[in-house]
Amino acid sequence: MPDLADLSARLRFCPGDGRIWLGDHRMLMVHLAALVELRRELVGALGAEAARGLFTRMGYASGCKDAEVARQIRPGSEMSAFYVGPQMHGLEGMVHVEPVRLEVDIAAGRHYGEFIWHSSAEVDAHMAAFGVSAEPVCWMQIGYASGYTSIFMGQPILYREVECRGAGGKHCRIIGKPVHEWDDPNGDLVYLQRDGLATLIRGVPAPRLSTLGTDPARGTGGEPRPPGLVGVSSGFLAAYHLLEKVARTNASVLFLGETGVGKEMFARSLHGMSNRAGGPFIAINCAAIPDNLIEAELFGVERGAYTGATQTRPGRFERAHGGTIFLDEVGTLNLAAQGKLLRVLQEREVERVGGTETRRVDVRVIAATNVNLRDDIKRGAFREDLFFRLNVFPVRIPPLRERKEDIAPLVRHFLLKYTDRHGRAVQGITDRAMRRLVDYEFPGNVRELENMIERAVILAPDDGSAIDIGHLFACGDEVEAPFFGVVDPSGALVDGRDPPAPATPSAAGLDDPGHVVDAILLREIPLDELENRIIETAVSRADGNLAEAARMLGLSRAQLAYRYRKGRE
């Protein structure tokens, strides 16, 4: 298998904020004893079949996540990229993987994999809880292999454990191939069903196999998520789940959160999910309108009501009839406007400035604030009765620093948006730039991240290069990264802000060029293949940055780009 250095370099320990990262995915370290206890509890409470299903789907979800980054880590070679999964599985402490036979041809849809697993943590956990089993016990690891390969290949792939140390075998051996190539796959597929727990406990017939894994573009029930809402963190999903609960009602909703967390995007999504989706959505920033005009904007004005009112004009509430009105920064309204807003919420009717006629309005009110309205109530700046009218269904949207798992999908979303908008040929983002984004605190939240990505898309070379740190923090606003540890080649944890210098040729035992040449000739490596390997490795270590790879090799960027393209043809 390929060298593991490019993967171990992505493992970072950040004790300052209690997070461990593998690339842009948050990881956990847990005691094996905890897994033993969890396994014992689940098998005892649910039965072996249901527990197996839970562990299998847990592994499947983990495999899907790792597959998302495989080709980003090792572009250019399907075989090398595929080995990211087995190696990451080992890096995560689950098992050491020994390849026996591997065929990968994505274009032809052909896959066959046979591996031996050594030192399986899951076997150790199962045997500590139950001793030797009559059946294979690497449930989570089989789920991982199936999920990883299915996402990587773009089609359902099923792995089976044909020999298991936990069942008395010498070691664990697995075989995987497309689902349709197995004679009897249904017995295994039931453990991959999203609702398989009910199936395995109640014995009801298994439903048809659905799309597995998690999708940040879909809601918690699998339905398409409204455009613009992107996130996978627990904080984001908690807020989105509340949105799903309240969407089909007419209740007033109050979004709480710092500036830039996306309150208006959530409000638009709530409107789109509601029964009023066919009606208008009217948004107004209460802080952007002068106090003497806010009532006219909200409730309308009759001609001649004041100097400058040359014509009758309906207000935002009338224009939102049959739909939704969004009052952003509602805490900035003056007390007079608050009183009229309270009447609208109570009576569902408005009276234009300078008018005497009341008009019925059918409007759902969504409000948002970035301040603590209870503090404003104590200061006498906000009406308590209005607060209770607006606070029927509060939804807190966490700041981005509390949901860093959302940074990677948001970056991908904004990259697609702004490369298309500005017609730029920017391809992705380097790992070190992504690491710095994860370390950054984002005082401006999602809005700040979006602005940074748009700026980086404009600044990055328009030649297919990736965004790097200099494109993100181009105005001197970069902050010092907090301490984080990385794993060096010996397995030791070192300060990732000051990584050790790479081994010199002498330290690697390559101080004599003749030894290098002899090693190459003995392996009978063709010269053009050797050059391609060196260039691919340099580009990979430079995170896809051709200019940096060219500096490694002592070439100009144009020379490297020509040889790189030629080697891939």
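Every value quoted in this text rests on a predicted model; they were computed, and no experiment measured them.

### Quick notes on the overall build of the chain
- Scanning the chain from terminus to terminus reveals 24 helices and 16 strands.
- By the burial criterion, 46% of the 569 residues in the chain qualify as buried.

### Regarding the packing of helix H2 (residues 32-46) against helix H6 (residues 121-130)
- Between H2 and H6, the least distance of the axes is 9 Å, while the angle of their chain directions is 60 degrees. Comparing the axis directions of H2 and H6 gives the class oblique. As H2 runs across H6, the sense of the crossing is right-handed. Residue-level inspection shows Leu-32, Leu-35, Val-36, Arg-39, Arg-40 and Val-43 of H2 in contact with H6, the latter providing Ala-121, Glu-122, Asp-124, Ala-125, His-126, Ala-128, Ala-129 and Phe-130.
- Grouping the constituent residues of the contact of H2 with H6 by class yields 9 nonpolar, 1 polar and 4 charged.

### Some words on the sheet that holds strand E8 (residues 253-256)
- In spatial order, the strands read E9-E10-E13-E8-E14; together these 5 strands make up an open sheet with parallel pairing. Either end of the sheet is taken by a strand with one partner, and the two such strands are strand E9 (281-285) and strand E14 (393-396). On average, adjacent strands in this sheet sit at an angle of 20 degrees to one another, irrespective of strand direction.
- Of the strand pairs in this sheet, E9 and strand E10 (residues 324-328) are connected by 5 bridges, and their pairing is parallel. Within the sheet, the bridge partner assigned to Asn-285 lies in E10 and is Asp-328.

### Regarding the nonpolar core
- Counting residues in each nonpolar core, the largest one holds 44 residues, and the members touching the most others are Phe-82, Phe-115, Trp-117, Tyr-148, Phe-152 and Tyr-159.
- Residue contributions to this core peak at 8 residues, all from helix H7 (residues 139-153).
- Beyond its immediate chain neighbours, meaning those up to four positions away, Tyr-159 contacts Phe-82, His-111, Gly-113, Phe-115, Ile-142, Ala-145, Ser-146, Thr-149, Ile-174, Ile-175 and Gly-176.
- Formed by 30 residues, the second largest nonpolar core is a distinct cluster that contains Ile-289, Leu-298, Phe-299 and Ile-325.

### Some points on unusual backbone geometry
- If you check the backbone angles, Phe-442 has positive phi at about 55 degrees while not being a glycine.
- Mapping Phe-442 onto the fold places it in the loop between helix H18 (431-439) and helix H19 (445-459).
- Its identity as a non-glycine residue notwithstanding, Asn-445 has a phi of 60 degrees, on the positive side.

What counts, and at which threshold
Each chain carries its own residue numbering, running from 1 in the direction its sequence is written. Confidence filtering applies because this is a predicted model: local features only for residues at pLDDT of at least 70, side-chain atom pairs given and counted only at 80 or more, and all residues used for totals across whole chains, interfaces and linings. Only heavy atoms go into the side-chain values, all of them from the structure, while hydrogens and water stay out. Numbering of helices and strands starts at the N terminus; helices are DSSP runs of H or I of at least 4 residues and strands are runs of E of at least 2. Burial status follows relative accessibility: with a 1.4 Å probe on protein chains alone, a residue under 20% of its type maximum counts as buried, one over 50% as exposed, and anything between as partly exposed. An axis is simply a line fitted to the C-alpha atoms; with a helix, the fit covers only the stretch in contact. Between two such axes, the angle follows the N-to-C directions and lies from 0 to 180 degrees. Reported orientations rely on four angle classes, namely roughly parallel under 35 degrees, roughly antiparallel over 145, roughly perpendicular from 65 to 115, and oblique for the rest. The hand of a helix crossing depends on one turn: near helix anticlockwise from the far one by less than a right angle means left-handed, and clockwise means right-handed. Residue contacts are counted whenever heavy atoms from the two residues lie within 4.5 Å of one another. When residue character is reported, Ala, Val, Leu, Ile, Met, Phe, Trp, Tyr, Cys and Pro are called nonpolar, Asp, Glu, Lys and Arg charged, and the others, Gly included, polar. In this description, strands pair whenever DSSP reports at least two bridges between them. Within this scheme, the nonpolar core is defined by two criteria: the residues are buried Ala, Val, Leu, Ile, Met, Phe, Trp, Tyr or Cys, and they are joined through side-chain atoms within 4.5 Å.

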